[in-house]
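Residues per chain are reported as follows:
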Amino acid sequence: MDERWINMLRSLIVAWHEGILIYLILAIVMFSVLFLAAVRMLIRQRDVDSLQYDEMLNEELAPPVSLLVPVYNSENMIVDRVERLLETQYALYEIIIINDGSQDGTMQQLMDTYDLLPIQSKVHYSGLEREIGQIRAVYRSMVHCHLLVIDKEYGGHMDSLNVGINMSQYPYVASIGQATVLERDALVKIMKPVMSALPGEEIVACSGRVDMANGKYPFTSIQGITSSERELSPLLIMQYIEYVRAFLISGIGLVRYNINILLFTSQAFGVFKKNRIMEIGGYNTDSHVGHIELVMRLHKHMKQMKEPGRIIYIPDPICSVNVPESWSQLLKQRAGWHRQLAGSLWEQRSMIGNPHYGWMGMVSIPYFILVELMGPVLEIATIIFLISGMWLQIVDVKLCLVLALLLVLYGSLLSACAVMFEIWSSRRAYTFREVTRLFLYACSETFWFRPMNNVFRIYGLLQVVGYGKKDSKHGKG
């Protein structure tokens, strides 16, 4: 290679390293602030007791809630899921199962088990101003009067939620994912911020901590679920660590200072004020966007209406989900999440850096673009530049070492701190072996799990521009 090209390459690599050095320092400072804020909040709330929840169970003025449960080809699990939902402890709620054009025996299982009776002439419609999927029939259970089943043509998860919203009769609606298992008192916990709101304060959405249902660690925190003694694989342990870190930093940390900048609710389980969802036209059924797009539109709407509606995240574990157990499943999930993040941010791009939307436009959305959306690209590029620079012997070794240490701090040590805090604050007694495994796996994140995860997320970005096969609207296939 000629000297001129080597000099250009050296300048490019040095400039990249200096830029990424600043980026990593800022990201670490930001993560540390959010982590410490979350820790402080959780320490203060550590003794918030179950007594308050018990009182809410008997509260006659607790706002009624409609549980919306889209299902697709779920014949092997549908009865078990409905049975768990029927065990929910709350003053007044209805369960709306939306069968989204299943091609297996899902609908027949529901018909046989719950003695369903067609009620087409008595259906309640809310009047959602959006085109929704074709409904075949609506049924009421003769066994459980608060169980409603809607049989519709296939339209995807978001379309099913819109149908559920249109059929619901209560002022709050809860969206529940296909594989979500709720705690019995999940509704009590998630509705507590609504019932505790101050005069003039409006809670338009609320979400909470999601636990991992695979394996034995999280099972002990979920009521009514039999513990599995199956040993967790390294892939499951790393996802468990991810959930803990995300709960602390992206969830609790972002709501700590009461400035209403939370940009997401969990797709697994979230409660929304129905009239606000109706005002913005329900869910966007474009497969390129996710739940985050709905939350962004809610923020946008409340700003435009000049009303102080808040979106809350609670620290209590309220539900669990099964996470991918193989690399191929993880690839589909992470690519899909990143594709939806990119699509949602693009759909609401008018909010980016727009002072009209306050902290949301100036801080929260830029944070998600730089750290969550572009983070994988920057991290992988940094690793490539580090290796190529050292191989070509054209970068300062000290600078390379500093960058490598920052990457470890950015990826591993924050996770290790999050895990240690989770172990300290948990009501579960971890064994010494479990603590050691979690800590060592958290420290190893930078060297295998995080780079692979970043590659999967970059694949999701490539899908946005038309490369590769995309999943169905229910995340299958």
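Residues numbered from 1 in each chain as written. Predicted model: local features only at pLDDT ≥ 70, side-chain atom pairs only at ≥ 80, totals over all residues. Heavy atoms only, no water.

Looking at the pattern of salt bridges
Inference 1: Scanning the model with the defined rule gives 21 salt bridges in all.
Inference 2: The shortest N-O distance in the salt bridge between Asp100 and Lys152 comes to 2.6 Å. With Asp100 in strand β2 (residues 93-100) and Lys152 in strand β5 (residues 147-152), the pair connects residues that are 52 residues apart, well separated along the chain.
Inference 3: What makes Asp100 buried here is its relative accessible area of 0%.
Inference 4: Here Glu183 ties to Lys189 by a salt bridge, and the two come within 3.7 Å at their closest N and O atoms.
Inference 5: In this structure Glu183 comes out as buried when scored by relative accessible area, which is 2%. (Salt bridge = Lys/Arg side-chain N within 4 Å of Asp/Glu carboxyl O. Helix = DSSP H or I, 4+ residues; strand = E, 2+ residues; numbered from the N terminus. Buried < 20%, exposed > 50% of the residue type's maximum accessible area, 1.4 Å probe, protein only.)

Focus: a nonpolar patch on the surface
Inference 1: A cluster of nonpolar side chains, namely Leu462, Val464, Val465 and Tyr467, defines an oily patch on the protein surface of about 390 Å² accessible area.
Inference 2: By the element assignment, Val464 lies in helix α15 (residues 449-464). (Patch = residues over 30% accessible without salt bridge, like charges linked within 9 Å, V, L, I, M, F, W, Y side chains within 5 Å. Areas by Shrake-Rupley, 256 points an atom, 1.4 Å probe, with all protein chains shown as cover.)

Concerning the pairing of strand β8 (residues 202-212)
Inference 1: Burial within β8 is extensive, with 11 of its 11 residues counted as buried.
Inference 2: Of the pairings in the sheet, the one linking β8 to strand β10 (residues 309-321) comprises 10 bridges and is parallel in character. Residue Cys206 lies in a different strand from β10, and its bridge partner there is Ile312.
Inference 3: Pairing geometry for β8 and strand β9 (residues 269-273), over three bridges, is antiparallel. What sits directly across from Ala205, in β9, is Phe272. (Pairing = 2+ DSSP bridges.)

Structural notes on the side chain of Arg339
Inference 1: Positionally, Arg339 belongs in helix α10 (residues 327-347).
Inference 2: A distance of 2.5 Å separates polar atoms of two side chains, one belonging to Arg339 and the other to Gln463. (Polar contact = N/O pair within 3.5 Å; in protein donor to acceptor, adjacent residues only side chain to side chain.)

Observations concerning the environment of Arg339
Inference 1: With a relative accessible area of 6%, Arg339 lands in the buried category.
Inference 2: Each C-alpha atom of the pair Arg339 and Leu461 lies 5.7 Å from the other, and the pair is 122 residues apart in sequence.

Structural notes on the nonpolar core
Inference 1: Grouped together as the largest cluster of nonpolar side chains are 133 residues, with contacts concentrated most on Leu67, Ile95, Ile97, Ile190, Leu248 and Phe269.
Inference 2: Counting residues per element, this core draws most heavily on helix α1 (residues 3-44), which supplies 13 residues.
Inference 3: Dropping the residues within four chain positions of it, Ile97 is found in contact with Val69, Val71, Ile78, Val82, Leu85, Leu110, Leu147, Leu148, Val149 and Ile150. (Core = buried A, V, L, I, M, F, W, Y, C linked by side-chain atoms within 4.5 Å. Contact = heavy atoms within 4.5 Å.)

Here's the deal with helix α12 (residues 375-392)
Inference 1: Relative to the 26 Å expected for 18 residues at 1.5 Å per residue, α12 spans 25 Å between its end C-alpha atoms, a close match to the ideal helical length.
Inference 2: The complete set of buried residues in α12 reads Gly375, Pro376, Leu378, Glu379, Ile380, Ala381, Thr382, Phe385, Leu386 and Gly389.
Inference 3: Considering only its buried residues, α12 is in contact with α1, α10, α11 (358-373), α13 (397-425) and α15.
Inference 4: Residue Gln393 follows α12 closely and has a positive phi angle near 55°. (Expected span 1.5 Å × (residues − 1).)

Points about the pairing of strand β6 (residues 172-176)
Inference 1: Counting buried positions over the five residues of β6 gives five, a clear majority of the element.
Inference 2: Burial along β6 is two-sided: the residues Tyr172, Ala174 and Ile176 and Val173 and Ser175 are all buried.
Inference 3: Relative to β6, strand β1 (residues 65-71) runs parallel, the two being bridged by four bridges. In the strand pairing of β6, Leu67 is matched with Ala174.

Describing the packing of helix α9 (residues 291-305) against α10
Inference 1: In the contact formed by α9 and α10, the axes pass within 8 Å of each other and the chain directions differ by 25°. Relative to α10, the element α9 lies roughly parallel. Where α9 crosses over α10, the two elements pack in a sense that is right-handed. On the side of α9, the interface is formed by Ile292, Glu293 and Met296, while α10 contributes Gln340, Leu341, Ser344, Leu345 and Glu347.
Inference 2: Partitioning the contact of α9 with α10 into residue classes produces four nonpolar, two polar and two charged. (Axes fitted to C-alpha atoms, helices over the stretch in contact; angles between N-to-C directions. Parallel < 35°, antiparallel > 145°, perpendicular 65-115°, else oblique. Left-handed = near helix turned anticlockwise from the far one by under 90°. Nonpolar A, V, L, I, M, F, W, Y, C, P; charged D, E, K, R; others polar.)

Re helix α6 (residues 186-195)
Inference 1: Counting buried positions along α6 yields nine of 10 residues, so the element is predominantly enclosed.
Inference 2: Within α6, burial applies to Ala186, Leu187, Val188, Lys189, Ile190, Met191, Lys192, Pro193 and Val194.

What to know about the sheet that holds β9
Two pairing modes exist for strands in a sheet, parallel and antiparallel, and in both the strands are linked by backbone hydrogen bonds.
Inference 1: Strand order in this open sheet of 10 strands is β3-β4-β5-β2-β1-β6-β9-β8-β10-β7, and the pairing throughout is mixed. Strand pairing shows two members of the sheet lacking a second neighbour, β3 (116-118) and β7 (180-182), which therefore form its edges. Across the sheet, the axes of successive neighbouring strands diverge by a mean angle of 30°, strand direction being ignored.
Inference 2: Relative to β10, α6 is tilted by about 165°, and along the sheet it contacts β1, β2, β6, β7, β8, β9 and β10.

Nothing here speaks to function; it is all geometry.
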